[in-house]
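Reading the structure
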Amino acid sequence: MQRCIAVIGAPGTGKSTLVDRLAQLEGGQPPAAPQGHEPRIVEFSYLGDSWTAIDCPGSIEFLQDSLDALLVADVALLCVPPDPEAAVLSAPWLRAVEAAGTPSIIFINQIDAARGRVRDIVAALQDYAGHSIVLRQVPIRDGDRVVGAVDLISERAWRYREGEPSALIAIPEDLREREHEAREALLESLSDFDDWLMEEIIEDHEPPVGPVYSICARVLAENRVIPALIGAGGHMNGVVRLMKALRHEAPGPEVLRARLAAATGAEAPILAAAFHAAHRRHVGRIVHLRALADGLKPGARLGGDTLGSFVPASGRGQAPAELAPGQLAGAVKSDHLATGHVLTADGQLPGPAWLTGPTGQHARLIRPVHDKDEVKLSSILARIAADNRAISVGQDPETGALRVSCPGPLHMRVLREQLSEVFGLETEELPVPPTLREAITRPVEVHYRHRKQTGGAGQFADVKLTLAPNPRGAGFTFAETVKGGAVPRNYIPAVEQGARDACARGPLGFPVVDLAVTLTDGQHHSVDSSDMAFRIAARAGVQQGLEQGAPVLLQPIHQVRFRIPSAFTGALVPIVSALKGQVLGYDRDETARGWDIFRALLPASALDELTGQLRSATQGVGSFEAEFDHYQEIYGKEAEKMVADARAG
Ligand SMILES: Nc1nc2c(ncn2[C@@H]2O[C@H](COP(=O)(O)OP(=O)(O)OP(=O)(O)O)[C@@H](O)[C@H]2O)c(=O)[nH]1
Ligand SMILES: [Mg+2]
């Protein structure tokens, strides 16, 4: 059996350094360094147990990778900065583990550089966690510096030593009181989930250490509390203690398997879960999966087809011939396997809803530098997007170009590098032009006669039309009030078609919306009239009418839904106002403690700037989703500039 740890948390919280230390606890080669922003898979053993760590990138733009890792992790190791003021940086990951139901351990890392008390850090994190966070160690300080820790269950004290395991010492006298207090708080939290412990406490007994550790393991497997340990991965401080806690307390893959079965409603036995795909030059698509049953090997039936061959999960060493339960591997020649899916022999079940993070709001048009690559680019982007829920690809309706949305500019850059390095596709990116529209603002009557005499048959059609503004959002409507067959019935659809044709491009250069056209009268000729003639007449007539109808530019307004820690809600109001938006209100987010949902209307043209402003105002933690709501008139200099920009682009 092999257990899997998702190592997650805010940027620069020492995750990769810690994974390196864990992997080398028993000596051996250092693992391969992380590659760019790709999650890194590291396998190691400790005291006879096999482990895999998925070292996730910390950038919020790559949060999806952490969610993907939670699909296959037995336990999440959430690295947090040693600063109560920075607790909010961990909020997206706390939110993720709680939504996923993954048993989690918090590691307050870089404790050598602590800025504040450990209990304040825990209290600040608690604002963003529905589970109670229980402190398992208290720091030993020498002045301001943390020089060791006391384990609150075993009541053993350890003095840190640089670069090596800590030394056992006696609990410093001046720490006794604090240690007792913290221990009581810990036991009390645990006793909420254990009747025996509750009685021990009520009867004022000192509960023996062994059973208390067993309770810790059980409450972790049942995901009742989130224990917090402290240390400094970079200095090897607290690393052995952390690994021992994982060894004794982290549940095995059977717990994950049961959780996934419940979440997906799988009826057949779950054999594996596929969580990530990588594309490599000359190798192709590698699907990373974790075996959740015995004996998965190449040629087996998995997800409704034959499993191809394996490559080692870590990208190093020998490919496994067969996977032990809980083991990770890359599967090649297995293109039928979809990532983010739970796999049975015959089926692939989409992962739980929490697996899809906030949708990407950074949209760009992506064009191949060489025209010949157009078809290849669109098919490869579609494949990448199918494997990565943070990326979506479609065709921009205005320009017909490929439009890619992802969480941010860093992600976009990494994606384009991948296109170039793996697929040999050079691309350029352009901003998505706003989808401007125009509409008339006053009613107009027009009379248009189309007549042409060329050699034999001529063309004749005569239409009288009224054009009137429709209410915003009502779109194009057509009616006729023709009397006495002045325009015969059979030509009327052609008149409507001609009117619609004219709306494709109005006098300002944009599609015309919200227009009511009525055919009131006209004339026809028994020989020279035709559908074509009426269509031409109506198009020209409406074009003329649009020019006289005082056309106005319309810009799209989006309804924007922000997901932000409550602490930042106030900061959003001035941002929305500065971007000429309108605040609609906010509510507590019922799905995540400490978060608000904030709603506003904003011009689509402000969304790019909003991404940057939101990021700086919320330290990267806030996200938003925007959806077209309505068109709004825009006048003056701003309108002139938009028209000029659109003409230039
Ligand atoms: N003071 C201190 N610094 C540390 C410790 N561990 C790591 N660092 C430093 O913290 C920085 C970030 O370390 P990484 O291990 O790359 O952090 P990470 O969480 O993997 O970063 P991302 O993957 O970018 O999110 C580096 O400069 C490390 O040297 C520690 O225990 N104490
Ligand atoms: Mg890292």
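What you are looking at is a predicted structure, and each value in this text was computed from that prediction instead of being measured.

Observations concerning the overall build of the protein
If you tally the helices and strands in the protein, you get 16 helices and 32 strands. Once the C-alpha set of the protein is aligned to its principal axes, its extents read approximately 110 × 55 × 45 Å. Within the span of the protein, comprising 649 residues, buried residues form 52% of the whole. Sequence-distant contacts in the protein: of pairs separated by 6 or more residues, those separated by 24 or more amount to 73%. In the structure as shown, the protein presents an accessible area of about 28200 Å², 50% of it carried by carbon and sulfur atoms. Distance from the positive charge centre (64 side chains) to the negative charge centre (81 side chains) of the protein: 6 Å.

Comments concerning the packing of helix 2 (residues 63-72) against helix 3 (residues 91-100)
Following both chains from N to C, one finds helix 2 and helix 3 inclined at 30°, their axes separated by 10 Å at the closest point. Considering their axes alone, helix 2 and helix 3 lie roughly parallel with respect to each other. The chirality of how helix 2 crosses helix 3 is right-handed. Within the contact between the two elements, helix 2 uses L63, S66, L67 and L70 and helix 3 uses P92, W93, A96, V97 and A100. Here the contact of helix 2 with helix 3 is composed, by residue class, of eight nonpolar, one polar and no charged.

With respect to the pattern of salt bridges
Under the counting rule described, the total for this entry stands at 41 salt bridges. Residue E222 pairs with R224 through a salt bridge whose shortest N-O separation is 2.9 Å. With relative accessibility at 38%, the residue R224 sits in the partly exposed group. A salt bridge links E496 to R500; its shortest N-O distance comes to 3.0 Å. Taken together, the residues E496 and R500, both in helix 12 (residues 492-503) and four residues apart, mark about one turn of the helix.

A word on the domain arrangement of the protein
Here the domain parsing of the protein yields domain 1 (2-256), domain 2 (273-355), domain 3 (362-431), domain 4 (441-550) and domain 5 (554-648). Of the residues lining the interface, nine residues belong to domain 2; the matching set on domain 3 comes to eleven residues. Here domain 2 packs against domain 3, burying approximately 730 Å² in sum over the two surfaces, 37% of which is carbon and sulfur. The three residues of domain 2 that bury the most area against domain 3 are H279, R281 and T339, which together make up 70% of that side's buried surface. Remark: the boundary between domain 2 and domain 3 carries one salt bridge.

Structural notes on empty space enclosed by the protein
One water molecule sets the probe size; rolling that probe over the atoms shows where empty space is left. In the structure shown here, the tally under the stated rule is four cavities of 30 Å³ or more. The space that makes up the largest cavity amounts to roughly 340 Å³. As for the largest cavity, its lining consists of 25 residues, and the residues nearest its centre are I60, P358, P407, G622 and S623. Looking at the lining of the largest cavity, the elements with two or more residues in it are helix 2, helix 3, helix 15 (607-617) and strand 32 (623-634). Split by residue class, the lining of the largest cavity holds eleven nonpolar, ten polar and four charged. Of the pockets and cavities examined, the second largest cavity occupies roughly 40 Å³. Every residue along the wall of the second largest cavity is listed here: P358, R561, F562, R563, S623, F624 and E625. Broken down by secondary-structure element, the contributors of at least two residues to the lining of the second largest cavity are strand 29 (552-565) and strand 32. For the lining of the second largest cavity, the residue count by class is three nonpolar, one polar and three charged.

Regarding the sheet that holds strand 21 (residues 392-395)
Taking strand neighbours across the sheet as the criterion, the four strands line up as 21-22-20-23 in an open arrangement whose pairing is antiparallel. Each edge of the sheet is formed by a strand with only one pairing partner; in this case those strands are strand 21 and strand 23 (427-431). With strand direction ignored, the average angle separating the axes of adjacent strands in the sheet is 35°. Both strand 20 (residues 362-368) and strand 23 contribute to a ladder of five bridges, which runs antiparallel. Bridging across to strand 23, L365 finds its partner in L430.

Some details on the site of ligand 1
Close contacts around ligand 1 come from 16 residues, with K15, S16, T17, D112 and G234 the closest. Contact between ligand 1 and G12: an oxygen atom at 3.1 Å from a main-chain N or O atom of the residue. A distance of 3.2 Å is found between an oxygen atom of ligand 1 and a backbone nitrogen or oxygen belonging to G58. The class makeup of the residues in the shell around ligand 1 is three nonpolar, eleven polar and two charged.

Considering the sheet that holds strand 25 (residues 444-453)
Spatially, the four strands line up as an open sheet ordered 25-26-28-27, and their pairing is mixed. Each having just a single partner strand, strand 25 and strand 27 (477-480) make up the two edges of the open sheet. Neighbour-to-neighbour, the strand axes of this sheet turn through a mean angle of 25°, independent of strand direction. Sheet topology places strand 27 next to strand 28 (residues 515-523); four bridges connect them, and they run parallel. In the sheet register, F478 faces strand 28, and the bridge partner there is V517. Lying on the sheet, helix 13 (residues 531-548) is in contact with strand 25, strand 26 (458-469) and strand 28; it crosses strand 26 at an angle near 35°.

Here's the deal with helix 13
Helical periodicity: at 3.6 residues per turn, an α-helix aligns residues three or four positions apart in one direction. With 18 residues, helix 13 extends 26 Å from end C-alpha to end C-alpha; this agrees with the ideal 26 Å at 1.5 Å per step. Every buried residue of helix 13 is accounted for by A533, F534, A537, A538, A540, G541, V542, G545 and L546. Contact partners of the buried residues in helix 13: strand 25, strand 26, helix 12 and strand 28. Positive backbone phi, approximately 50°, marks A550, located one or two places after helix 13.

About the thresholds
- Residues numbered from 1 in each chain as written.
- Chains lettered and ligands numbered in written order.
- Predicted model: local features only at pLDDT ≥ 70, side-chain atom pairs only at ≥ 80, totals over all residues.
- Heavy atoms only, no water.
- Helix = DSSP H or I, 4+ residues; strand = E, 2+ residues; numbered from the N terminus.
- Buried < 20%, exposed > 50% of the residue type's maximum accessible area, 1.4 Å probe, protein only.
- Contact = heavy atoms within 4.5 Å.
- Areas by Shrake-Rupley, 256 points an atom, 1.4 Å probe, with all protein chains shown as cover.
- Lys, Arg positive; Asp, Glu negative; His and termini not counted.
- Charge placed at Lys NZ, Arg CZ, Asp CG, Glu CD.
- Axes fitted to C-alpha atoms, helices over the stretch in contact; angles between N-to-C directions.
- Parallel < 35°, antiparallel > 145°, perpendicular 65-115°, else oblique.
- Left-handed = near helix turned anticlockwise from the far one by under 90°.
- Nonpolar A, V, L, I, M, F, W, Y, C, P; charged D, E, K, R; others polar.
- Salt bridge = Lys/Arg side-chain N within 4 Å of Asp/Glu carboxyl O.
- Domains from an automatic or database assignment.
- Buried area = accessible area lost by both parts, 1.4 Å probe.
- 1 Å grid on protein atoms, 1.4 Å probe; cavity = no way out; pocket = protein on both sides within 12 Å on 5 of 7 lines; lining within 4 Å.
- Points joined across faces, edges and corners; volume = space filled by probe spheres on them.
- Pairing = 2+ DSSP bridges.
- Near = heavy atom within 4 Å.
- Polar contact = N/O pair within 3.5 Å; in protein donor to acceptor, adjacent residues only side chain to side chain.
- Expected span 1.5 Å × (residues − 1).

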